[in-house]
Amino acid sequence: MKILHSLLLLLLLAGSAWGGTATEETTISWGRERLVASEQKTDSLKFEQYYFKELFGKPLMISLIRGKSPVRYGIGVCENGKRETVSSMARKHNAAAAVNAGFFTFDPASRPVGVLKSANVVYNDSIDGLKNRGYLAISPEQEVKILTPAELKLDEFDSIVHGNDLLLRNGRVTASTTPDRHPRTAVGIGTEGDVVLVVVDGRNEKSAGVTLHELALIMKSLGCHDALNLDGRHPRRFIHRVVCLADCDDDFGDVKKFDHAGERQVHNILYCCYDSKR
């Protein structure tokens, strides 16, 4: 019994030294004391930014936008194998907010790694059967879904983008347990059909980034029942209008706050807007 007691004590001490282990029981408090920025011009779209001095044992900066009808969603694509900044593509679509979306190659032209469809134009129709692959799909009626490879039907949706890890499925954490901590981008669907875009900053002293499992817990704490990891390999690229969230000519947010090396060029984005232009 003494040996068993000693082993348990060592495990507890090790867990404390590593900053603890994130579990599905981990409670995340989104209290106002952690809220560093907030903007809501209508009931349909709200931006919030939170700073945690310690979450999962690390400092984290988390930005999110929650939208619901009549907000519309779409996938923007840079044509001819080129790349463009998120803010530049967002302006073309009169977007109120935008994030980098699907993964892409650099060899030397940019190509989507998985399925990509925008406004009924198919750029890649390859549906793989990887265990934890997921897809964000937008129907002609603007219903936003997160689907598995078995559920995805290309001809049923106007726009589709792939993600490399299904974080949540019907409220259950399905994310992989890889220990890699990076900046992350995710999209989730709430119980009332609202869409939640989340960007976690990383690779700097003020925000360490998160694992995929920790990202899943964040999405679950925000009320999402389904959630998908998008391309967040570089420092964050979350662009939103600072003064107005729609129908104004104000510049997009200060990019240096959101991407410490300057805004990088990407192949495709997920954006939201108020008007019918997509």
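Residues numbered from 1 in each chain as written. Predicted model: local features only at pLDDT ≥ 70, side-chain atom pairs only at ≥ 80, totals over all residues. Heavy atoms only, no water.

A. How the structure looks around the pairing of strand β10 (residues 144-147). One ladder, built from four bridges, connects strand β9 (residues 134-138) with β10; its direction is antiparallel. Across the sheet, the residue bridging to A137 is K145, located in β10. (Pairing = 2+ DSSP bridges. Helix = DSSP H or I, 4+ residues; strand = E, 2+ residues; numbered from the N terminus.)

B. Broad picture of the sheet that holds strand β1 (residues 35-40). Taken in spatial order, the eight strands line up as β1-β2-β3-β15-β14-β16-β12-β13 in an open sheet, and their pairing is antiparallel. The open sheet is flanked by β1 and β13 (172-173), the only strands paired with a single partner. Sheet topology places strand β12 (residues 165-169) next to strand β16 (residues 224-230); three bridges connect them, and they run antiparallel. Bridge pairing in β16 places L168 opposite A227.

C. Seen up close, the pairing of strand β11 (residues 159-163). Buried residues dominate β11, accounting for five of its five residues. The alternating pattern of β11 places S159, V161 and G163 on one face and I160 and H162 on the opposite face, and all of these are buried. Alignment of strand β7 (residues 116-118) against β11, held across two bridges, turns out to be antiparallel. Residue pairing across strands places K117 opposite I160, the latter belonging to β11. Summarising the sheet, β9 and β11 pair through five bridges and their orientation is antiparallel. Across the sheet, A137 pairs through a bridge with I160, a residue of β11. (Buried < 20%, exposed > 50% of the residue type's maximum accessible area, 1.4 Å probe, protein only.)

D. Focus on the confidence of the model for the protein. For the protein, mean pLDDT is 79; residues scoring 70 or higher make up 78% of the total. In the model, residues 1-20 has pLDDT below 50 throughout and makes three contacts with residues more than four positions away in sequence or in other chains. Low pLDDT, under 50, characterises residues 241-258; the predicted model gives this stretch 48 contacts beyond four residues in sequence or across chains. (pLDDT = per-residue confidence, 0-100. Contact = heavy atoms within 4.5 Å.)

E. Molecular detail of the side chain of R133. By the element assignment, R133 lies in the loop between β8 (121-124) and β9. Relative accessible area serves as the criterion here: at 13%, R133 is assigned to the buried category.

F. The pattern of salt bridges, seen in detail. Under the criterion given, the structure shown has eight salt bridges. For E33, the salt bridge is made with R34, and the minimal N-O distance between the two is 3.3 Å. Put simply, D226 and R169 hold a salt bridge, and the shortest N to O gap is 3.8 Å. Pair noted here: D226 is in strand β16 and R169 is in strand β12, with a separation of 57 residues, a long-range link. Accessibility classification places D226 together with R169 in one group, the buried group. (Salt bridge = Lys/Arg side-chain N within 4 Å of Asp/Glu carboxyl O.)

G. How the structure looks around the environment of E192. Structurally, the position occupied by E192 is in the loop between β14 (184-190) and β15 (195-200). Look at E192 and you get exposed, because its relative accessible area is 77%. Remark: the alpha-carbon pair of E192 and C224, spanning 32 residues in sequence, is separated by 9.4 Å.

H. Expanded view of the packing of aromatic side chains. One pass over the structure, following the stated rule, counts two aromatic pairs. Here W30 and Y50 contribute two aromatic rings whose centre-to-centre distance is 4.9 Å and whose plane-to-plane angle is 80 degrees, an arrangement assigned as edge-to-face. Of this pair, W30 sits in the loop between α1 (2-17) and β1 while Y50 sits in strand β2 (residues 45-55), and the two are 20 residues apart along the sequence. With respect to burial, W30 and Y50 carry one shared label: buried. (Phe/Tyr/Trp six-rings, centres within 6.5 Å; stacked < 30°, edge-to-face > 60°.)

I. Focus on helix α3 (residues 212-221). Most of α3 sits out of view: eight of its 10 residues are buried. Those residues of α3 that fall on the buried side of the exposure criterion are L212, H213, E214, L215, A216, L217, I218 and M219. As for α3, its buried residues are in contact with β3 (58-67), β12, β13, β14, β15 and β16. G223, located one to two residues past α3, shows a positive phi value of around 90 degrees.

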